[in-house]
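# Secondary and tertiary structure notes
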Amino acid sequence: MKDSELVDIVSRKLVPFILLFGCYLISHGHLSPGGGFQGGAVLAAGITLLCLSRGVKDTLRTFPMRRVSLSESAAFLMILAMGVIGLVLGRRFLGNFLPLGEPGQVPSAGFIFFLNLLIGLKVGTGISLVMFTLLREDE
Amino acid sequence: MKRTLASLALVLALGAVLLYGVRQIAPAPGALRDHFVHRGMEQTGSVNLVSSIYLGYRAFDTLGETVVLFLAVAGVMVLQAGKQ
């Protein structure tokens, strides 16, 4: 696969746009179809394309395993922390504690926007980790 | 031939029972649905109603989904580490 010039060039040109689209889906999750899970899956699809076309070893130079794994755990802990903050401020666990803002703007819907960002990070890094571990042995 | 007829009769009988059961079900209650549709945007501030339900009203459920994904990733990594 690495000998094919076409696959190499096209995937390298395509991956930044796939990652950008994933970020768009995550950050506009409260306005349009999409959200944390879907956007995270798109992010992971971009990284998987990089793995398949360039090989896992090259991809791991851009996205080091340790950093990806750390950011996954950190995102999960931050989701839990956001839930506990709601509890501390006298609302429900995972209750909204931020101002709702103007409907339709990008940073609006308070808590949902940030939860979407965290879930997007968590799902993207999680599926990427699975892909790294599963594809690495085939080299 | 006999088997085919028997299975056909069994399928038809099962279908009749299921159809009877489905027709007995009362229509789904719409109070919660109407509440979400009419008040969802002002209560959570999210234009996308799906987001407002799965991160606003049912955020705890989403937390569970996240835990499932976390365990899946951990399981894959542990199993692959054992293989090497």
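Further up the page is the structure itself.
The structure reproduced in this document is the subject of the present report. (Residues numbered from 1 in each chain as written. Chains lettered and ligands numbered in written order. Predicted model: local features only at pLDDT ≥ 70, side-chain atom pairs only at ≥ 80, totals over all residues.)

### Some words on the overall build of chain A
- Secondary structure assignment for chain A yields five helices and zero strands.
- Ordering the α and β elements of chain A from the N terminus gives α-α-α-α-α.
- Its C-alpha atoms put chain A at 60 × 30 × 15 Å along the principal axes.
- Looking at chain A alone, contacts between residues at least 24 apart form 66% of all its contacts between residues at least 6 apart. (Helix = DSSP H or I, 4+ residues; strand = E, 2+ residues; numbered from the N terminus. Contact = placed C-beta atoms within 7 Å.)

### Examining the overall build of chain B
- Tallying secondary structure elements over chain B gives four helices and zero strands in all.
- Counted from the first residue to the last, chain B has its helices and strands arranged as α-α-α-α.
- Radius of gyration (C-alpha) of chain B: 23 Å, far over the 12 Å computed for a compact globule of 84 residues.
- Summarising its shape, the C-alpha atoms of chain B cover approximately 60 × 55 × 15 Å along the three principal directions.
- By the burial criterion, 18% of the 84 residues in chain B qualify as buried. (Rg over C-alpha atoms; globule rule 2.2 N^0.38 Å. Buried ≥ 20, exposed ≤ 12 C-beta atoms within 10 Å, placed from the backbone.)

### Section: the packing of helix H1 (residues 5-27) of chain A against helix H5 (residues 111-135) of chain A
All names here are of chain A.
- At a minimum axis distance of 8 Å, the contact between H1 and H5 shows a crossing angle of 140°. Facing H1, whose interface residues are Gly 22, Ile 26 and Ser 27, H5 presents Asn 116, Leu 117, Gly 120 and Gly 124.
- Broken down by class, the residue content of the contact of H1 with H5 amounts to two nonpolar, five polar and no charged. (Axes fitted to C-alpha atoms, helices over the stretch in contact; angles between N-to-C directions. Nonpolar A, V, L, I, M, F, W, Y, C, P; charged D, E, K, R; others polar.)

### A look at the interface of chain B and chain A
- Tallying the contact residues gives 20 residues for chain B and 30 residues for chain A.
- Elements represented by at least two residues in the side of chain B that touches chain A include exactly helix H2 (31-44), helix H3 (49-57) and helix H4 (59-83) of chain B.

### Quick word on the nonpolar core
- Counting 34 residues, the largest nonpolar core has Ile 47, Ile 79, Ile 112, Leu 115, Leu 118, Ile 119 and Met 131 of chain A as the members making the most contacts within it.
- Among the secondary structure elements, those contributing two or more residues to this core are H1, helix H2 (36-54), helix H4 (65-88) and H5 of chain A together with H3 and H4 of chain B.
- The element that contributes the greatest number of residues to this core is H5 of chain A, accounting for twelve residues.
- If sequence neighbours within four positions are ignored, Met 131 of chain A has contacts with Ala 44, Ile 47, Thr 48 and Cys 51 of chain A. (Core = buried A, V, L, I, M, F, W, Y, C linked by C-beta atoms within 7 Å.)

### Focus on the environment of Phe 63 of chain A
All names here are of chain A.
- Relative to the helices and strands, Phe 63 is located in the loop between helix H3 (56-62) and H4.
- Since 16 C-beta atoms lie within 10 Å of it, Phe 63 is described here as partly exposed.
- Measuring from C-alpha to C-alpha, the distance between Phe 63 and Leu 43 comes to 12 Å, with 20 residues separating the pair along the chain.
- Sequence-distant contacts of Phe 63, that is, excluding residues within four places in its chain, are made with Ile 47, Val 68 and Ser 128.

### Observations concerning the environment of Gly 36 of chain A
Residue and element names in this part refer to chain A.
- Within the secondary structure, Gly 36 sits in helix H2.
- Distance from Gly 36 to Ser 69, taken between C-alpha atoms, is 18 Å for residues 33 residues apart in sequence.
- Sequence-distant contacts of Gly 36, that is, excluding residues within four places in its chain, are made with Ile 26, Gly 29, Asn 116, Ile 119, Gly 120 and Val 123.

### Some points on H2 of chain A
Residue and element names in this part refer to chain A.
- With 19 residues, H2 should cover 27 Å at 1.5 Å per step; its first-to-last C-alpha distance of 27 Å lies within 8% of that length.
- Along H2, 14 of the 19 residues are buried, which leaves the element largely enclosed by surrounding structure.
- After H2 finishes, the residue Gly 55 shows a positive phi value of roughly 95°. (Expected span 1.5 Å × (residues − 1).)

### Things to note about helix H1 (residues 2-24) of chain B
- Here H1 of chain B is 23 residues long and its end C-alpha atoms lie 33 Å apart, about the 33 Å a rise of 1.5 Å per residue gives.
- The buried fraction of H1 of chain B amounts to zero of the 23 residues, a small share that puts the element mostly on the outside.

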